Amino acid sequence: MGSIIKNRYLILRRISQLTILFLYFAANYWGLKILMGNLSFSKLFNTIPLTDPYAFLQMLFAGAVISSDLIIGVVIILLFYGLIGGRAYCSWVCPVNMITDFAAWVRRKTHHEKDNLINATKIRNFRYVFMVMMLIVSTVVGAAAFEFISPIGMFTRAVAFTLGFSWVWLLVIFIFDAFVLKNGWCGHICPVGAMYSIVGSKSIIRVWHNKDNCTACGECLKICPENQVLSPVIDKKSDYISGIECTNCGRCIEVCNDNALEFTLRYIINKKGENNEKTATN
Ligand code: SF4
Ligand code: SF4
């Protein structure tokens, strides 16, 4: 029971990711009309369109005909992640996260988490360059270019349509993350994650760090897949984790044994004011 509570966000994230995959599978095999399509374009209850913003942009750049459903779908997703969820798509929805988390776990268990065959710090922002590159390629080829190689689409197709060859690309991602570059795909390359970082940069849900409780043990920094968002704050100041690449996965909160981290609602709950009051009364 203790470990369920300790890993509550991890368990909820896996339930969320697997439920979404199951619903795509059920739509394809049994005609269940709860969530139909794929992670680029879905329909909820056969009525509400949901469009991935990066897939939408690729279609725009490719000169495709944009239907009203696609526009409504992208507005819904932009409002949800832009106002509320931040980059939560990456840790709560995207199935590839299960593979990359597994690769990170293998790295930790085999004690070579810092061994990279590529200089990680130099290419952290490559994902933004790649995001733009794929839009240019979409314009040139007249099709949504990243969709052809996207492991996200492949994962969904592999499960929903049981396409065997899609697993090969997913295995490549696993090997890359586990043995070539720590958090290589999601933390350095994936343009969809880069897009959601930008979309969710001002969202309400944020991790709050309370410096008064922090013992500088560094457990959060070890587990975080984007630990460059934690390092400016941990053991330095009480503040929100405002780095746009935070995926709101909640792992840092779960591994912190000192209650120094928690989810909170930026703009709505004024944690900064609360902290100033504490300092004044001490
Ligand atoms: S970075 Fe890309 S592959 Fe990774 S979780 Fe986010 S969308 Fe999925
Ligand atoms: S800061 Fe915490 S919630 Fe954000 S990505 Fe890192 S571990 Fe996840």
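This one's a predicted model, so the numbers in the text were calculated from it and none came from an experiment.

Enquirer: I'd love a proper account of the pattern of salt bridges, names of residues and values included.
Expert: Per the stated rule, a full pass over the model turns up nine salt bridges. Ionic pairing is found between Asp 69 and Lys 43, a salt bridge with its closest N-O pair at 2.9 Å. Taken together, the positions of Asp 69 in helix α4 (residues 68-85) and Lys 43 in strand β2 (residues 41-44) put the pair 26 residues apart, joining distant regions of the chain. By relative accessible area, which is 26% here, Asp 69 ends up partly exposed.

Enquirer: Please set out the site of ligand 1 residue by residue, giving values where relevant.
Expert: Neighbouring ligand 1 are the residues Arg 87, Tyr 89, Cys 90, Cys 94, Val 96, Ile 152, Trp 185, Cys 186, Cys 190, Val 192 and Gly 193. Here the residues of the shell around ligand 1 sort into nine nonpolar, one polar and one charged.

Enquirer: Tell me about the nonpolar core, and name the residues and values.
Expert: Buried together is how nonpolar side chains tend to be arranged in soluble globular proteins. Counting residues in hydrophobic clusters, the biggest one holds 44 residues, and the most contacted among them are Tyr 54, Tyr 81, Tyr 89, Ile 152 and Val 192. Not counting chain neighbours up to four residues away, the residues in contact with Tyr 54 comprise Phe 130, Met 131, Met 134, Leu 135, Phe 146, Pro 191, Val 192 and Met 195. Counting residues in hydrophobic clusters, the runner-up holds 16 residues, among them Tyr 9, Val 207, Ile 241 and Leu 261.

Enquirer: Give me the lowdown on the packing of aromatic side chains, citing residues and values where you can.
Expert: All chains considered together, the criterion is met by 17 aromatic pairs. With 6.2 Å between their ring centres and 90° between their planes, Phe 130 and Phe 146 make a pair best called edge-to-face. Separated by 16 residues along the polypeptide, Phe 130 in helix α7 (residues 126-141) and Phe 146 in helix α8 (residues 145-149) bring together distant segments of the chain. With respect to burial, Phe 130 and Phe 146 carry one shared label: buried. Geometrically, the ring pair formed by Trp 208 and Tyr 240 is edge-to-face, given 4.9 Å between the ring centres and 65° between the ring planes. On the criterion of sequence distance, the pair formed by Trp 208 in strand β4 (residues 205-209) and Tyr 240 in strand β5 (residues 239-240) is long-range, its members being 32 residues apart. Per residue, the accessibility class of Trp 208 equals that of Tyr 240, and both read buried.

Enquirer: Tell me about a nonpolar patch on the surface, and please be specific about residues and values.
Expert: A cluster of nonpolar side chains, Met 1, Ile 4, Ile 5, Ile 11, Leu 12 and Ile 15, forms an exposed patch at the surface whose accessible area comes to about 600 Å². Going through the elements one at a time, α1 (2-6) and α2 (8-30) are the ones with two or more residues in the nonpolar patch. Sort the elements by how many residues they give to the nonpolar patch and α2 lands first, with three residues. Relative to the helices and strands, Ile 5 resides in helix α1. Take Ile 5: its relative accessible area is 49%, and that puts it in the partly exposed class.

Enquirer: Explain helix α3 (residues 53-62) residue by residue, including any values.
Expert: Burial analysis of α3 places seven of its 10 residues in the buried class, the great majority of the element. Three or more residues of α3 are buried, namely Pro 53, Tyr 54, Ala 55, Phe 56, Gln 58, Met 59 and Ala 62. Residues of α3 that are buried in the fold lie against β3 (48-51), α4, α7, α8 and α12 (191-199). For α3, the capping residue at the N-terminal end is Asp 52, with a side-chain oxygen 3.2 Å from the backbone nitrogen of Tyr 54.

Enquirer: Tell me about the site of ligand 2, and please be specific about residues and values.
Expert: Every residue close to ligand 2 is listed here: Val 207, Cys 224, Val 229, Leu 230, Cys 246, Thr 247, Asn 248, Cys 249, Gly 250 and Cys 252. For the shell around ligand 2, a count of residues per class yields seven nonpolar, three polar and no charged.

Enquirer: If you had to explain the sheet that holds strand β1 (residues 35-37) to someone new, which residues and values would you point to?
Expert: With antiparallel pairing, the three strands of this open sheet are ordered in space as β1-β2-β3. Every interior strand has two partners, whereas the edge strands, β1 and β3, have only one. Each strand axis lies, on average, 25° off the axis of its neighbour in the sheet, ignoring direction. One ladder, built from three bridges, connects β1 with β2; its direction is antiparallel. Note that in β2 the partner of Met 36 across the bridge is Lys 43. Set on the sheet, α2 makes contact with β1 and β2; between it and β1 the angle comes to about 70°.

Here is what the cut-offs are and how they apply
Residues numbered from 1 in each chain as written. Chains lettered and ligands numbered in written order. Predicted model: local features only at pLDDT ≥ 70, side-chain atom pairs only at ≥ 80, totals over all residues. Heavy atoms only, no water. Salt bridge = Lys/Arg side-chain N within 4 Å of Asp/Glu carboxyl O. Helix = DSSP H or I, 4+ residues; strand = E, 2+ residues; numbered from the N terminus. Buried < 20%, exposed > 50% of the residue type's maximum accessible area, 1.4 Å probe, protein only. Near = heavy atom within 4 Å. Nonpolar A, V, L, I, M, F, W, Y, C, P; charged D, E, K, R; others polar. Core = buried A, V, L, I, M, F, W, Y, C linked by side-chain atoms within 4.5 Å. Contact = heavy atoms within 4.5 Å. Phe/Tyr/Trp six-rings, centres within 6.5 Å; stacked < 30°, edge-to-face > 60°. Patch = residues over 30% accessible without salt bridge, like charges linked within 9 Å, V, L, I, M, F, W, Y side chains within 5 Å. Areas by Shrake-Rupley, 256 points an atom, 1.4 Å probe, with all protein chains shown as cover. Polar contact = N/O pair within 3.5 Å; in protein donor to acceptor, adjacent residues only side chain to side chain. Pairing = 2+ DSSP bridges. Axes fitted to C-alpha atoms, helices over the stretch in contact; angles between N-to-C directions.

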